[in-house]
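Residue-level structure breakdown
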Protein chains: 2
Amino acid sequence: MVAERTSAFTPPPRLLLGPGPSMVHPRVLHAMSAPLLGHLDPEFLRLMDEIQHRLRHVFRTTNTFTIALSGTGSAGMEAALVNLVEPGDPVLVGINGVFGSRMAAIVERCGGRLIRVEAPWGRIIEPDAIAEALQRAGSVKVVAVVHAETSTGAQQPLEPIGTLCREHNALFVVDAVTSLGGLPLDVDGWNIDVCYSGTQKCLSCPPGLAPLTLSDRALATIRSRKTPCQSWYLDLSLIADYWAEAKRAYHHTAPISMLYALREALCLVEEEGLDARFARHRLHSDALMAGLAALGCTPFAQEGHRLPSLNAVLLPSSVEEAPVRAELLQRFGIEIGGGLGPLQGKVWRIGLMGESSTRNNVLTLVDALEEIFLGRPGTGRPGPARESALQVYRKNGLHKDVRAEHAIRAPKKGNDRP
Amino acid sequence: MVAERTSAFTPPPRLLLGPGPSMVHPRVLHAMSAPLLGHLDPEFLRLMDEIQHRLRHVFRTTNTFTIALSGTGSAGMEAALVNLVEPGDPVLVGINGVFGSRMAAIVERCGGRLIRVEAPWGRIIEPDAIAEALQRAGSVKVVAVVHAETSTGAQQPLEPIGTLCREHNALFVVDAVTSLGGLPLDVDGWNIDVCYSGTQKCLSCPPGLAPLTLSDRALATIRSRKTPCQSWYLDLSLIADYWAEAKRAYHHTAPISMLYALREALCLVEEEGLDARFARHRLHSDALMAGLAALGCTPFAQEGHRLPSLNAVLLPSSVEEAPVRAELLQRFGIEIGGGLGPLQGKVWRIGLMGESSTRNNVLTLVDALEEIFLGRPGTGRPGPARESALQVYRKNGLHKDVRAEHAIRAPKKGNDRP
């Protein structure tokens, strides 16, 4: 008898230039197809040690508690806040987009006394505004901000806020979902106590894990809570006992295959080198923004504080947002993101994260937009947008096509190992 | 320049016969290596629809809200309880092992008024005890029990409790982590309101997702809460709006690759047919238990209520638990589970779930144990334990090796489709 086999699911070809997931390297995809190990197998525990070591490198931290949480970036956000905040605790949250608002919602759900420091979407939270709010509040337990506001493309300065937190004896929580591995982040140097991310952004790993690191100060605060953490699944004092080398106490079954993928993605990050990686993200963002400017798109986020990983642009008034985005997907197989909340229909959010951040991808997108905007299908002649993007590459000596790309991505041995 | 490439992680060969993860079919491993789609891509949304359809089939339900939650089975447990229970709500929990205790802990963390109905570990919760507790309590909002107690190997009868719940107007929550896809479960027929599972047990998919289904009654209760759900990440009213075909409101990024895997694992379940799959689990469990009996192991769970998916046995007093289990792993590459909590050092928990439940695996384990127990390394002669296991197969006409196995797993077209 022959089995009545269902046909395999074959995803259509896609170039992922939205707000995540980003493109995943074949080595990472391949890693997931390895057979499973038990979550308490000595070989798997060794892999966890290795992942912790590699995560400390990308977070730039020596924190013992540096792990990959079994959930997406949003689970990282929830874990960070519900573990630190007890009912009545004063918590200051910077709100300038969707993800700051989400932090505020979580603080309210765990009974924290929310202190909002707001800025218009697209602008950063000024450190001075945080300073004033800290002064006014007297005592604040936690200050939480978003490093890379994926909804607006704004890049939040962190170092001055870290300094303020130490001065006011507050714990500093940072959402690095769309920054870890794509732009400079220095957990220890900037006095960050809790930092979490997601795997599907600049680390170019599939979604499903939230890298998370806690300072000893933060862990001590969690271990001395007066009330139990409201989440059992995300209770970091329990999870610490699974990841701790000496204990390995069973808490829940780790998502084995995702951890295989993360290990491989972190290897790729180290092979490239963090500094080279940050330079690559910045270069391709510059080229993309030059190309988009030639098409009449204007940057949405505040000048001087624009993310290289997530490029948010306002569309020219002549362009209808949703139909063009649908055409990109259907005709070209290119995914970009639309606006969230009040920005719906007004902006595009174009991700150049991890493996997605390449010269070929920038030019492919710019060409496609040019074709759609200018209504010149099939002429094959490069237009002014492509030319503007190319100028950025030429200035940086990257005019010789793909080989040049490889040069910029070659690893510098030992260049930024901790 | 050549990249300084880190060598790939290659897991050592393992036969996974512990309490999960179980062995994963190559088709499922392969599915995870497909390139990613965005979580709002129309093709991905179609895949979600397909997964919902297939999950309804294995749960035996018509519930609209039938999804795969972005977390492991424990996240499913937490989601079920924190969404239904508001502070002060009376919640009855059956406690006869680790997972009933975990449910009770979660009920307390969300401020529910916990009513414990306990039974010794290894025994079931008698439906009469539930009936009495319901009478005594007057009004109970939720009754929660574990279908397959992974810590003890006991299989809880559900149907009479479902009937009691309807009589008392209580919502019925069932933990089906170690049962879904491996033994009969009938969500609609047994009046179950909330049922959750994990992917890494009888579905033989890697860990990382929690299949979850809610009756309309349960969803209405959640939608009419007086207080917000304490978890934002697991807030099922928000998650419902992402999975709902008409809405697709962004909540968090779904773990795309894991959903590829689950889709393929569910295809395999359907190809085999649920009834054939249940029969397979029962047969191999019987053979294993016969072999273990010949080695002096005795079943731990109550007679007549033993799980086919998780076989818990007490060891003969002459056997040291941990060293033998370590030898199994190191010399034979076979993983089995030790006891949890009070059962540590006293029992083994041997999983025969999904792809792990085969004749070859049973005989391989029995042979290895025989070799270790009887201290007859390398003789290659089958001992009494293998003979006992083989007798069970002979009685069932499965004495002709692997081909017979294929026969029992051949799909019966349309035999149990809903």
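See the structure printed just above.
Residues numbered from 1 in each chain as written. Chains lettered and ligands numbered in written order. Predicted model: local features only at pLDDT ≥ 70, side-chain atom pairs only at ≥ 80, totals over all residues.

**A word on the environment of Pro12(A)**
Applicable threshold: Elements are defined by DSSP. Helices are runs of H or I of four residues or more, strands are runs of E of two residues or more, and each kind is numbered from the N terminus. Whether a residue is buried, exposed or partly exposed is read from the other C-beta atoms within 10 Å of its own C-beta, which are placed from the backbone; 20 or more gives buried, 12 or fewer gives exposed, and intermediate counts give partly exposed. Here contacts are defined at the residue level, using C-beta atoms placed from the backbone and a cut-off of 7 Å between them.
The residue Pro12(A) is located in the segment before β1 (15-16) in this model. Accessibility expressed as a C-beta count within 10 Å gives 13 for Pro12(A), which makes it partly exposed. Residues contacting Pro12(A), with those up to four places away along its chain left out, are Gly333(A) and Glu43(B).

**Notes on the sheet that holds strand β15 (residues 347-351) of chain B**
Each strand in a sheet pairs with another by means of backbone hydrogen bonds, the pair being arranged parallel or else antiparallel. Residues and elements named next belong to chain B. Threshold: DSSP calls a pair of strands paired once it identifies at least 2 bridges connecting them.
Reading across the sheet, the four strands line up as β11-β12-β15-β14 and stay open at both edges, with antiparallel pairing between neighbours. Because the sheet does not close on itself, it has two edges, and the strands there are β11 (298-299) and β14 (337-338). Where strand β12 (residues 310-314) lies against β15, five bridges are found, and the strand directions are antiparallel. The residue of β15 that forms the bridge with Ala312 is Arg349.

**What to know about the packing of helix α5 (residues 127-137) of chain B against helix α6 (residues 159-167) of chain B**
Residue and element names in this part refer to chain B. Definition in use: Every axis in this analysis is a line fitted to C-alpha atoms, fitted for helices over the stretch in contact. Angles between the N-to-C directions lie between 0 and 180 degrees. For classification, angles of less than 35 degrees are called roughly parallel, those exceeding 145 degrees roughly antiparallel, those between 65 and 115 degrees roughly perpendicular, and all remaining angles oblique. Throughout, a crossing is termed right-handed when the near helix is turned clockwise from the far one, and left-handed when it is turned anticlockwise from it by less than a right angle.
Contact geometry for α5 and α6: axes closest at 9 Å, N-to-C directions at 15°. As judged from the angle between their axes, α5 and α6 are roughly parallel. At the point where α5 passes α6, the crossing takes the right-handed sense. Of the residues in α6, those touching α5 at Pro127, Ile130, Ala131 and Leu134 are Pro160, Ile161 and Leu164.

**Details of the interface of chain A and chain B**
Where the parts come together, the accessible area they lose is often given as the size of the interface. This is how it is decided: Residues are grouped as follows: Ala, Val, Leu, Ile, Met, Phe, Trp, Tyr, Cys and Pro are nonpolar; Asp, Glu, Lys and Arg are charged; every other residue, Gly included, is polar.
Listed by partner, the interface residues are 64 residues for chain A and 64 residues for chain B. Where the side of chain A that touches chain B is concerned, the elements lending two or more residues are α1 (26-31), α2 (42-59), α3 (73-84), α4 (98-109) and α9 (256-272) of chain A. Top element by residues in the side of chain A that touches chain B is α9(A). It accounts for seven residues. Among the residues forming the side of chain A that touches chain B, the class breakdown is 34 nonpolar, 19 polar and eleven charged.

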